[in-house]
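Observations on the three-dimensional arrangement
If you want the building blocks of each chain, they are given just below.
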Amino acid sequence: MLSIRRTVFLLSAIVSFGITILSFYNKFNSMTIKQAEIQFWNKIKNPIHCISKWITKIDMYPGSRKFQDWDIYFSNSSCPKYPIPKEGVIFHFLHVGKWRPALEVAIDAFLATQNLNAGHRIYYWYVEAIPKQVTQRYQRFKNSIQFRYFNSTEEIRSTCLEHKREFIDDKYAADLSFPIQTRSDMIRQLLMSKYGGAWLDTDAVPLRNLEPMLRIGPFAQGTGNNHWNNHFLYYGPKESGIAKKMLDIICEMPYNKTAFYLKFDERPNLWYWLYNDGLHKIAVNRGIGISYFPVCFTDGRFWNCKKQRSLHPCQDNGMLRLPTKTPVQLQQLFVWHGRIVQFNDSCLSYSQLPNITVSTLIWLRAQSLIKKNMIGNGQTLFPSSFRLKTIDDL
C-alpha cells in the first residue's frame with residue numbers, strides 16, 4: 001500500500017514538474033519570438049517609396065487581377081517583409097461626440113473581415129458615454145473590441161504632451177483657432193506611442209483582411225506629390241519606437257505659423273494638417289522609416305486609382321438598384337473611406353428597396369457574416385463572385 005502511494009506521489013511530482021517546464025518553455029519561446037520581432041523592427045528602416053514604386057512597376061491597382069494575389073506578388077518584391085506581432089495588432093478608433101449608428105458600420109466590418117483569431121482587436125476610445133445597448137451588443141466580442149474612455153489628463157501623463165500648450169490650454173488653443181481635427185491628429189500619435197498598433201478613422205471601413213498591409217511595415221497614406229494623409233496609419237508594436245518619435249516631433253512643432261516657419265523648412269499642404277501632412281514630411285526628412293502607401297487603396301471616394309470610380313456613401317453613385325453586382329471598389333479596396341459619419345443616419349435606411357445605398361449594403365453584409373458566425377479567420381467582405389438579387393442573399 002505504501003509503495004502504491006509512493007508511486008502515485010512520484011508520478012504527480014513528475015507531471016507537475018513537466019507542466020512547470022512546459023510553461024517556462026512556452027513563456028521563454030514567446031519572449032524569444034517577441035524579442036526577434038522587436039529586433040527586426042529596430043534594425044530595418046522601411047524605404048519610403050519601396051511600396052509605391054513596386055505598385056507602379058507591376059501595374060498593381062484596385063480592380064486589377066494582380067490585386068487578388070497581393071501576397072504572392074509582394075513576397076517576390078524587394079521591399080522588407082515585416083512580421084505581424086504574435087499577440088496581434090491593436091486598431092485604435094476615436095469618437096468624441098454622441099454615438100450614432102453610422103459608427104457601427106466600421107466596427108462590424110472589422111469584426112467580419114479581420115483575423116480575430118490572431119489577436120487583432122479594436123480599442124474604441126470615446127469621450128461621450130456610449131449607449132448601454134451598444135456595449136451590450138458587442139459584449140460577445142469582448143476579446144476583439146474594448147470600449148475605453150479617453151481621459152486626456154491620464155493618457156498624456158509622462159508624455160511630452162503634458163507640456164504641449166496647444167493641447168492642454170483650451171484658451172490658448174482657442175486663440176490659435178486650433179481645430180478639433182488637428183487635436184485628433186495629435187491624439188492618434190499619442191495612442192499609438194502608448195499602446196502600439198494601427199489607427200483607423202471611425203468612418204474608414206475595412207473591406208478585407210488587412211494583414212497583407214501590416215506585412216509591409218510602418219506606413220501612412222500618400223496622396224500624391226509627396227503629400228500625406230492619416231486616416232489609416234500603422235507604426236508596428238510600441239517597442240519599435242516609431243510612434244514615440246512621431247509624438248516627440250509633434251511636441252517640437254508650434255501651432256503658430258510664424259514660429260513654425262522659423263524652425264522648420266517643411267510646409268503642410270493645408271495649415272490645419274500640420275500634425276498630419278506636415279508631421280509626416282518632417283518624419284521622412286529625419287529618416288524615421290515610414291513607407292508611403294498610395295491612398296487610393298484605402299479611400300475610394302476622394303482619392304482614386306486609375307480605372308476606379310468614386311463611391312458616395314449615400315446618394316448619386318452611392319445608390320445601387322437590386323439586383324446588382326457589387327461595385328468593384330468594394331471587392332478590391334483594403335479600406336473604403338466613404339466618410340459616412342458626415343451624413344445623416346438615414347443613409348443607412350433600406351426603406352427604398354429595390355434601391356439601397358453602398359453604406360447599407362456594407363453594413364448588412366457585415367452583420368450577416370457576424371450573425372452566421374462566419375468570422376474570425378480574416379476574409380474579403382465581398383468576394384468577386386458575390387451577386388446580390390435581394391436582401392436575403394446577404
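Structure's up top.
What comes next concerns the included structure.

What counts as what
- Residues numbered from 1 in each chain as written.
- Predicted model: local features only at pLDDT ≥ 70, side-chain atom pairs only at ≥ 80, totals over all residues.
- Heavy atoms only, no water.
- Buried < 20%, exposed > 50% of the residue type's maximum accessible area, 1.4 Å probe, protein only.
- Helix = DSSP H or I, 4+ residues; strand = E, 2+ residues; numbered from the N terminus.
- Arc of directions from axis to C-beta.
- Axes fitted to C-alpha atoms, helices over the stretch in contact; angles between N-to-C directions.
- Parallel < 35°, antiparallel > 145°, perpendicular 65-115°, else oblique.
- Left-handed = near helix turned anticlockwise from the far one by under 90°.
- Contact = heavy atoms within 4.5 Å.
- Pairing = 2+ DSSP bridges.
- Patch = residues over 30% accessible without salt bridge, like charges linked within 9 Å, V, L, I, M, F, W, Y side chains within 5 Å.
- Areas by Shrake-Rupley, 256 points an atom, 1.4 Å probe, with all protein chains shown as cover.
- Salt bridge = Lys/Arg side-chain N within 4 Å of Asp/Glu carboxyl O.
- Disulfide = S-S within 2.5 Å.
- Nonpolar A, V, L, I, M, F, W, Y, C, P; charged D, E, K, R; others polar.
- Expected span 1.5 Å × (residues − 1).
- Phe/Tyr/Trp six-rings, centres within 6.5 Å; stacked < 30°, edge-to-face > 60°.

1. A word on helix α12 (residues 242-252)
- Every buried residue belonging to α12 is among Ile242, Ala243, Met246, Leu247, Ile249 and Ile250, and all of these are buried. The buried residues of α12 occupy an angular sector of 155 degrees when projected down its axis, which confines them to one face.

2. Considering the packing of α12 against helix α14 (residues 274-285)
- The geometry of α12 relative to α14 is characterised by a closest axis approach of 10 Å and an angle of 110 degrees between their N-to-C directions. On the basis of their axis angle, the class for α12 and α14 is roughly perpendicular. Once α12 is placed against α14, the crossing between them reads as right-handed. Each of Met246, Ile249 and Ile250 in α12 lies in contact with α14, whose residues at this interface are Tyr275, Leu279, His280, Ile282 and Ala283.

3. Thoughts on the sheet that holds strand β1 (residues 90-95)
- Spatial strand order, β3-β2-β1-β4-β7-β6-β8: seven strands in an open sheet with mixed pairing. The open sheet terminates on both sides in strands that have one partner only, identified here as β3 (145-149) and β8 (291-294). The mean inter-strand angle of the sheet, taken between neighbouring strand axes irrespective of direction, is 40 degrees.
- Pairing geometry for β1 and strand β2 (residues 121-126), over six bridges, is parallel. Of the residues in β2, the one forming a bridge with Ile90 is Arg121.
- Here helix α5 (residues 103-113) sits on the sheet and contacts β1, β2 and β3; the angle it forms with β2, its principal contact strand, is near 165 degrees.

4. Section: a nonpolar patch on the surface
- Taken together, the side chains of Val96, Val127, Tyr149 and Ile180 make up a nonpolar region of the molecular surface, amounting to roughly 350 Å² of accessible area.
- By the secondary structure assignment, Tyr149 is in strand β3.

5. As for the state of the cysteines
- Under the definition given, this model contains four disulfides.
- The residue that forms a disulfide with Cys160 is Cys251, at a sulfur-sulfur distance of 2.1 Å. Because the sign of the S-S torsion sets the handedness, a value of about 75 degrees for the bond joining Cys160 and Cys251 places this disulfide among the right-handed ones. In this pair, Cys160 is assigned in the loop between α7 (152-155) and α8 (165-168) and Cys251 in helix α12, connecting sequence segments 91 residues apart.
- Given a relative accessible area of 22%, Cys160 falls into the partly exposed group.
- For Cys251, a relative accessible area of 23% puts it in the partly exposed group.

6. Looking at the packing of helix α10 (residues 180-195) against α12
- Taken N-terminus to C-terminus, the directions of α10 and α12 make an angle of 145 degrees; their axes are 8 Å apart at the nearest point. The two elements α10 and α12 cross, and the hand of that crossing is left-handed. Contacts from Asp185, Met186, Gln189, Leu190, Met192 and Ser193 in α10 reach Ala243, Lys244, Met246, Leu247 and Ile250 in α12.
- Among the residues making up the contact of α10 with α12, the classes are represented as seven nonpolar, two polar and two charged.

7. Looking at α10
- With 16 residues, α10 ought to run about 22 Å at 1.5 Å a step, and its terminal C-alpha atoms sit 22 Å apart, in line with that.
- Three or more residues of α10 are buried, namely Thr182, Ser184, Asp185, Met186, Ile187, Arg188, Gln189, Leu190, Leu191, Met192 and Ser193.
- Count one or two residues on from α10 and you reach Gly196, which has phi positive near 75 degrees.

8. Examining the packing of aromatic side chains
- A complete count under the given rule lists 33 aromatic pairs for this structure.
- Considering the side-chain rings of Phe67 and Trp70, the 6.0 Å spacing of their centres and the 75 degrees angle between planes classify their relative orientation as edge-to-face. In terms of burial, Phe67 and Trp70 fall into one category: buried.
- Their ring planes at 50 degrees and their centres at 6.1 Å tell us that Phe219 and Tyr234 sit as a pair that is tilted. Pair noted here: Phe219 is in strand β6 (residues 219-224) and Tyr234 is in strand β7 (residues 227-234), with a separation of 15 residues, a long-range link. Note on accessibility: Phe219 and Tyr234 belong to one class, buried.

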